[in-house]
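Working through the structure, step by step
Each chain, written out:
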Amino acid sequence: MTTHTVEFVTTGETIEVKETETILKRCLEEGIAQEYSCRVGMCLACSAEIVEGEVTQPAARGLTEREAERFALTCMARPLSDLKLDRGKYPPSIEGDAAAGGAESAGAAADD
Ligand code: FES
């Protein structure tokens, strides 16, 4: 069974992920604070930009085909090579939701 190294570039955290398991699953096992919500490839909360490497994520329904070339939904993505990911980077299709209080600002409390 092939295992790949997944490095998160902003934190330097590194995990080993088998080709048969998702990146999010291994993050949770290793105590890495990867954001997530639906865990079924729809909400985009678990998105990360692919800096280097390749994933398979046929069930990442929340991404357009073009977005899936540049972003990984870690709840669905399995590594096909060693990877470098930038966690917390979201595809353009989420921008409208984030501006209105979507996943990117989910932890922000209202003033007052
Ligand atoms: S947790 Fe919702 S798309 Fe991954």
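None of the values given here were measured: they were computed from a predicted structure. (Residues numbered from 1 in each chain as written. Predicted model: local features only at pLDDT ≥ 70, side-chain atom pairs only at ≥ 80, totals over all residues. Heavy atoms only, no water.)

**Focus on the overall build of the protein**
- A count of helical and extended segments in the protein gives two helices and seven strands.
- Per-residue burial over the protein gives 39% buried out of 112 residues.
- If you take every contact in the protein between residues at least 6 apart in sequence, the share linking residues at least 24 apart comes to 54%.
- Of the roughly 6300 Å² of accessible surface on the protein, 46% is carried by carbon and sulfur atoms. (Helix = DSSP H or I, 4+ residues; strand = E, 2+ residues; numbered from the N terminus. Buried < 20%, exposed > 50% of the residue type's maximum accessible area, 1.4 Å probe, protein only. Contact = heavy atoms within 4.5 Å. Areas by Shrake-Rupley, 256 points an atom, 1.4 Å probe, with all protein chains shown as cover.)

**Quick notes on the packing of aromatic side chains**
- Using the criterion set out here, one finds zero aromatic pairs in the structure.
- Over the ring of Y36 we find R39; its NZ or CZ atom is 5.3 Å from the centre of that ring.
- Over the aromatic face of F8 sits the side chain of R87, whose NZ or CZ is 4.9 Å from the ring centroid. (Phe/Tyr/Trp six-rings, centres within 6.5 Å; stacked < 30°, edge-to-face > 60°. Lys NZ or Arg CZ within 6 Å of the ring centre and 35° of its normal.)

**Details of the pattern of salt bridges**
- On inspection of all chains with the given rule, the structure shows eight salt bridges.
- With its nearest N and O atoms 3.6 Å apart, the salt bridge here joins E21 to R26. For the pair E21 and R26, a shared accessibility class is recorded, and that class is buried.
- A salt bridge links D86 to K89, with the shortest nitrogen-to-oxygen separation between them at 3.6 Å. (Salt bridge = Lys/Arg side-chain N within 4 Å of Asp/Glu carboxyl O.)

**Thoughts on the pairing of strand β2 (residues 14–18)**
- Burial along β2 is one-sided: I15 and V17 are buried, while T14, E16 and K18, pointing the other way, are not.
- From the end of strand β1 (residues 3–8) to the start of β2, which pair antiparallel, there are five residues, and G12 there has a positive phi angle of about 80 degrees. (Pairing = 2+ DSSP bridges.)

**Describing the side chain of Q34**
- With respect to the element layout, Q34 can be found in the loop between α1 (23–30) and β3 (47–52).
- Under the relative-accessibility criterion, Q34 is labelled buried at 5%.
- If we skip the residues at most four places from it in the chain, Q34 touches F8, L24, C27, A45, C46, S47, T74 and R87.

**So, the environment of T20**
- Relative to the elements of secondary structure, T20 occurs in the loop between β2 and α1.
- Separated by 58 residues in sequence, T20 and R78 have C-alpha atoms that sit 6.6 Å apart.
- In contact with T20, other than residues within four places in its own chain, are M1 and R78.

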